[in-house]
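Structure at a glance
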Number of protein chains: 2
Amino acid sequence: MASTTRPPGRPRSSVDAEVFAATLRTVHELGYTRATVDRIAAAAGIAKTTIYRRWPSKGALVTACLVDAFGPLPLAGSAREEDVTAAVRFGARRIAEPGVAAAFAGVFTDAIGDPGLREILSTQLQDPYRQVLTESLGLSEQRVLFFIDVVIGTLLHRMGMTGEPMVESDVDALIHMLQRELG
Amino acid sequence: MASTTRPPGRPRSSVDAEVFAATLRTVHELGYTRATVDRIAAAAGIAKTTIYRRWPSKGALVTACLVDAFGPLPLAGSAREEDVTAAVRFGARRIAEPGVAAAFAGVFTDAIGDPGLREILSTQLQDPYRQVLTESLGLSEQRVLFFIDVVIGTLLHRMGMTGEPMVESDVDALIHMLQRELG
DNA sequence: CGGTATCGATACTAATCGTAGCGAAACCCG
DNA sequence: CGGGTTTCGCTACGATTAGTATCGATACCG
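The paragraphs below set out a description of the structure included in this document. Just so it is clear, the model here is predicted, and its values are computed rather than measured.

**Focus on the protein's contact with DNA strand C**
The environment of DNA strand C is formed by 23 residues, the closest being Gly9, Thr50 and Arg54 of chain A together with Arg6 and Lys58 of chain B. Each atom of DNA strand C within 4 Å of the protein was classed as base or backbone; sugar and phosphate made up 63%. Within the side chain of Arg53 of chain A, a nitrogen or oxygen atom sits 2.9 Å from a base oxygen of DNA strand C. Sorting the residues of the surface near DNA strand C by element identifies α3 (48-54) of chain A together with α2 (37-44) and α3 (48-54) of chain B as the ones contributing at least two each.

As structure tokens, then:
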């Protein structure tokens, strides 16, 4: 079992959720580039140094924020067709939340050319979803990667370019396309 | 006709092509964030101030670079099926060129929260392709936008995440999917 | 109360974007 | 050749930002 003994010293204040909310709010309002750590800290009502005590960089903070925002994939595990529908709708809903697409685009841009952040992004966000989808859909890894790129890429591009989430009919078209392709 | 009279003063040196090449090369090596204007200027063998005399910002430079790298869409104009194939293969080929995907992701990230750059990106890069595709494919604007988001989003996401262009079989799968959807 | 770790606040370094000003160079015209 | 005009390279600069260092105050434990 997990140890119930507390480490010595002053415990950390439980403001992680508040910081995540402040991060997404700030990124939503100003975009990733202008969402400075100073502003995020101010929006969360804490000191900037506290943020750097918990996350090693701005990119790592935003990544943790995305991991928290996405949460686990709600997959049944057996019915492939329903799984595809559920996964696409899940992705569409999360990416449509304020700030998520901008945060993803920003951390993704920073990760190119920053191997440390790339590692964080891979292990904490991408790999878990890749694994769960590979197991759930019963497809080869190449097929799953193709599937993910189509869904996430399309949704992110739409959100980032227009600032508006995909209309429902387009999400349906995307689902329909993928079910034909995978079925 | 266009005026053939030259304006007075020293003419601009013809290094635009060299600057574009240096920009993509630098972005390819270091990513958008670490590809500073100083480094790009050094790679092109010119002074940084010369770059700012021709393009108002780093984002505008990279956008001009992308416009130059993509060029016009080679569309026949009549056969829809062939047009779809040609457009997808065109996009896949250009986005696979070194630095293009990273440049696109970076300028796209900067554009969120920078209305001026957003305007440049829209008018110089997105609108022309949107218009040409709407005319060529004979589809509603909404359908064309959906089409573009799927293609560009998917290709960009793949390139950005893996650093590798899409394998040929995935490009074929993408084309197949879209032709079914549009046909 | 003593030990330990966090918190807020301030100050600081290193990059980086973008601008200003300068003398030199290139081109045109007379 | 000489004057007018614009670009060029260069240096310096201001503003913003990521990330670090430090210090006194604070919260929890035994």
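**Overview of the interface of chain A and chain B**
With 42 residues of chain A at the contact, the number on the chain B side is 42 residues. For the chain A and chain B pair, buried surface summed over both sides reaches about 3,600 Å², with 59% attributable to carbon and sulfur atoms. The largest share of the area that chain A buries against chain B comes from Phe146, Met161 and Met177 of chain A, three residues that together contribute 18% of it. The partner of Asp149 of chain A in a salt bridge is Arg158 of chain B, and the shortest N-O contact between them spans 2.3 Å. Linking chain A to chain B there are 13 residue pairs in polar contact (both at pLDDT 80 or more). Residue contributions to the side of chain A that touches chain B peak at 14 residues, all from helix α8 (residues 141-162) of chain A. Taken together, the residues that form the side of chain A that touches chain B break down as 19 nonpolar, 15 polar and 8 charged.

**Some remarks on helix α2 (residues 37-44) of chain A**
All names here are of chain A. Where α2 is concerned, the buried positions are Val37, Ile40, Ala41 and Ala44. Within α2, the buried residues cover an arc of 100 degrees as seen down the axis, which keeps them to one side. At its buried positions, α2 is contacted by α1 (16-34), α3 and α4 (58-70). At the exit of α2 stands Gly45, carrying a positive phi of roughly 75 degrees.

**Some details on the relation of the copies chain A and chain B**
Here chain A sits on chain B after a turn of 180 degrees about the axis and a move of 0.0 Å along it, with an RMSD of 0.0 Å. Seen this way, the second copy is the image of the first under a two-fold rotation axis. The C-alpha atom lying nearest the rotation axis in chain A is that of Gly153 of chain A; the distance is 2.1 Å. Both copies contact each other with a shared surface, as 100% of the interface residues of chain A are interface residues in chain B too.

**Here's the deal with the pattern of salt bridges**
Close approach of charged atoms allows side chains with opposite charge to pair. According to the stated counting rule, one finds 20 salt bridges over all chains in the structure shown. Put simply, Arg89 of chain B and Glu168 of chain B hold a salt bridge, and the shortest N to O gap is 2.9 Å. Residue Arg89 of chain B is located in helix α5 (residues 80-96), and its partner Glu168 of chain B is located in helix α9 (residues 168-182); the two are separated by 79 residues in the primary sequence. Residue classification places Arg89 of chain B among the partly exposed residues on the basis of a relative accessible area of 27%. Counted as one network, the salt bridges with shared partners bring together Arg89, Glu168 and Asp172 of chain A.

**Let's talk about the protein's contact with DNA strand D**
Close to DNA strand D lie 23 residues; Arg6, Arg39 and Lys58 of chain A together with Thr50 and Arg54 of chain B are nearest. Across the atoms of DNA strand D situated within 4 Å of the protein, the share located in sugar and phosphate is 63%. Arg10 of chain A has a polar side-chain atom sitting 3.1 Å from a base oxygen of DNA strand D. Separating a phosphate oxygen of DNA strand D from a backbone N or O atom of Lys58 of chain A is a distance of 2.8 Å. Of all the elements in the fold, those that place two or more residues in the surface near DNA strand D are α2 and α3 of chain A together with α3 of chain B.

About the criteria used
The residue numbering used here restarts from 1 in each chain and proceeds along that chain's sequence as written. Following the order in which they are written, the chains are lettered starting with A and the ligands numbered starting with 1. Under the rules for a predicted model, residues below a pLDDT of 70 receive no local features and side-chain atom pairs below 80 are neither given nor counted, while totals for whole chains, interfaces and linings still include all residues. Hydrogen atoms and water are omitted, and side-chain values are computed over all heavy atoms in the structure. The nearness test applies per residue and asks whether one of its heavy atoms lies within 4 Å of the molecule or strand. Throughout this description, a polar contact denotes any pair of N or O atoms lying within 3.5 Å of each other; where both atoms belong to protein, one of them has to be capable of donating a hydrogen while the other can accept it, and for residues adjacent in sequence the pair is counted only when both atoms sit in side chains. We count a stretch as a helix when DSSP gives it H or I for four or more residues in a row; a strand needs E for two or more, and each element gets its number in order from the N terminus. Note on contacts: a residue pair is in contact if any heavy atoms of the two residues lie within 4.5 Å. Here the quantity called buried area is the total loss of accessible area, with a 1.4 Å probe, experienced by two parts when brought into contact, counted for both. Salt bridges are counted wherever a side-chain nitrogen of Lys or Arg sits within 4 Å of a carboxyl oxygen of Asp or Glu. Each residue gets one of three labels, nonpolar for Ala, Val, Leu, Ile, Met, Phe, Trp, Tyr, Cys and Pro, charged for Asp, Glu, Lys and Arg, and polar for the others, Gly among them. Accessible area is worked out with a 1.4 Å probe on protein chains only. A residue is then buried under 20% of its type maximum, exposed over 50%, and partly exposed in between. Here the arc refers to the set of directions running from the helix axis out to each C-beta atom. Superposition of the copies was done by least squares, using only C-alpha atoms of residues whose pLDDT is at least 70 in both.

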